[in-house]
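Report on the structure
So you can see what is in the structure, the chains are spelled out below.
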Amino acid sequence: MKPTRRLLVPIAIAALLAGAAALAYDTLGKREMAPPVNYVLLDGAKAASSQWKGKVMLVNFWATSCETCMHEMPQIIATHEKFKDRGFDTLGVAMSYDPPAFVASYAQSRKLPFGVAIDNTGEIARQFGRVQLTPTTVLINKRGEIVKRYVGEPDFAALHGLVEKLLAEG
């Protein structure tokens, strides 16, 4: 092999690596955006994710038949109550297989202090990455970026710390 050809291979590899590194660097710090969704709350009010701008949002996918969901719900309520006056909001999304009468009864008897949507068609769950397991909780920052996904019950102390941090962001 001639000396020039021996140099071309390492140079080509270095160029490829530099390009890959530049691409990776460009995507650092970019988060997945929350999907645009429209939904109807239990009280019949129509709402959309576009209304979340400027808020830290907790979107909790749950079902009345899910034991872990029922176990974590008092903590979801407490989290909502703790931060609601500081630009934080919560949306409970009941899964498509959950009977609407069960959801309404549960929300009323527990006096859920946040909006609850019944995802009749499964479209909200699809838009959020084909959510199938409950509970699944998604934390969204003020810019509409998904910051964290929890499958199963979150560590609420850590969640509260993250919410504090997100609320403090400009």
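This one's a predicted model, so the numbers in the text were calculated from it and none came from an experiment.

**A word on the sheet that holds strand 6 (residues 136-140)**
- Taken in spatial order, the five strands line up as 5-4-3-6-7 in an open sheet, and their pairing is mixed. At either margin of the open sheet sits one strand with a lone partner, and together these are strand 5 (115-118) and strand 7 (146-151). Shown here is a sheet whose adjacent strand axes are inclined to one another by a mean of 15°, direction ignored.
- Contacting strand 3 (56-62), strand 4 (88-94) and strand 5, helix 3 (residues 100-109) runs over the sheet at an angle of about 170° to strand 5.

**Some points on the state of the cysteines**
- Applying the stated criterion across every chain, the model contains one disulfide.
- The partner cysteine of Cys66 in its disulfide is Cys69, sulfur to sulfur 2.4 Å. With the S-S bond torsion at 80°, the cross-link from Cys66 to Cys69 turns out right-handed.
- According to the relative accessible area criterion, Cys69 is buried, its value standing at 1%.

**Describing the confidence of the model for the protein chain**
- Here the protein chain averages 88 in pLDDT, and 82% of its residues register 70 or above.
- The low-confidence segment residues 14-28, where pLDDT is below 50, has zero contacts with residues more than four positions distant or belonging to other chains.

**Some thoughts on unusual backbone geometry**
- Pro135 follows Thr134 through a cis peptide bond whose omega is -5°.
- Note that Pro135 resides in the loop between helix 4 (123-127) and strand 6.
- With phi around 50°, Lys111 is a residue other than glycine that occupies positive phi space.
- As for its placement among the helices and strands, Lys111 is situated in the loop between helix 3 and strand 5.

**A closer look at the pattern of salt bridges**
- Applying the stated criterion across every chain yields a total of seven salt bridges.
- Residues Glu32 and Arg149 are paired through a salt bridge, measuring 3.2 Å at the closest nitrogen-oxygen approach. Placement of the pair is Glu32 in the loop between helix 1 (3-27) and strand 1 (38-40) and Arg149 in strand 7, with a sequence separation of 117 residues.
- Across the salt bridge formed by Arg86 and Glu164, the nearest N and O atoms sit 2.8 Å from each other.

**Brief notes about the pairing of strand 3**
- Judged by how many residues are buried, strand 3 sits mostly within the fold: seven of seven residues are covered.
- Alignment of strand 3 against strand 4, held across seven bridges, turns out to be parallel. Considered in strand 4, the bridge of Asn60 is made with Gly92.
- The parallel pair strand 3 and strand 4, bridged by helix 2 (residues 67-83), forms a crossover whose chirality is right-handed.

**Thoughts on the packing of helix 2 against helix 5 (residues 156-168)**
- Helix 5 packs onto helix 2 with a crossing angle of 25° between their chain directions and a minimal axis gap of 11 Å. Judged by the angle between their axes, helix 2 and helix 5 are roughly parallel. Where helix 2 crosses over helix 5, the two elements pack in a sense that is right-handed. Across the interface between the two elements, Glu72, Gln75, Ile76, Thr79, Lys82 and Phe83 of helix 2 pack against Phe156, Leu159, His160, Val163, Glu164 and Leu167 of helix 5.
- Per-class residue counts for the contact of helix 2 with helix 5 are six nonpolar, three polar and three charged.

**Comments concerning the environment of Asp119**
- Within the secondary structure layout, Asp119 lies in the loop between strand 5 and helix 4.
- Asp119 has contacts with Val93, Ala94, Met95, Ser96, Ile124 and Ala125, leaving out every residue within four places of it along the chain.
- In this structure the side chain of Asp119 is engaged in a polar contact, spanning 3.1 Å, whose partner is the backbone nitrogen of Glu123.
- Side-chain polar atoms of Asp119 contact the backbone nitrogen of Ile124, separated by 3.1 Å.

About the thresholds
- Residues numbered from 1 in each chain as written.
- Predicted model: local features only at pLDDT ≥ 70, side-chain atom pairs only at ≥ 80, totals over all residues.
- Heavy atoms only, no water.
- Pairing = 2+ DSSP bridges.
- Helix = DSSP H or I, 4+ residues; strand = E, 2+ residues; numbered from the N terminus.
- Axes fitted to C-alpha atoms, helices over the stretch in contact; angles between N-to-C directions.
- Contact = heavy atoms within 4.5 Å.
- Disulfide = S-S within 2.5 Å.
- Buried < 20%, exposed > 50% of the residue type's maximum accessible area, 1.4 Å probe, protein only.
- pLDDT = per-residue confidence, 0-100.
- Salt bridge = Lys/Arg side-chain N within 4 Å of Asp/Glu carboxyl O.
- Right-handed = clockwise from strand over helix to strand, strands pointing away.
- Parallel < 35°, antiparallel > 145°, perpendicular 65-115°, else oblique.
- Left-handed = near helix turned anticlockwise from the far one by under 90°.
- Nonpolar A, V, L, I, M, F, W, Y, C, P; charged D, E, K, R; others polar.
- Polar contact = N/O pair within 3.5 Å; in protein donor to acceptor, adjacent residues only side chain to side chain.

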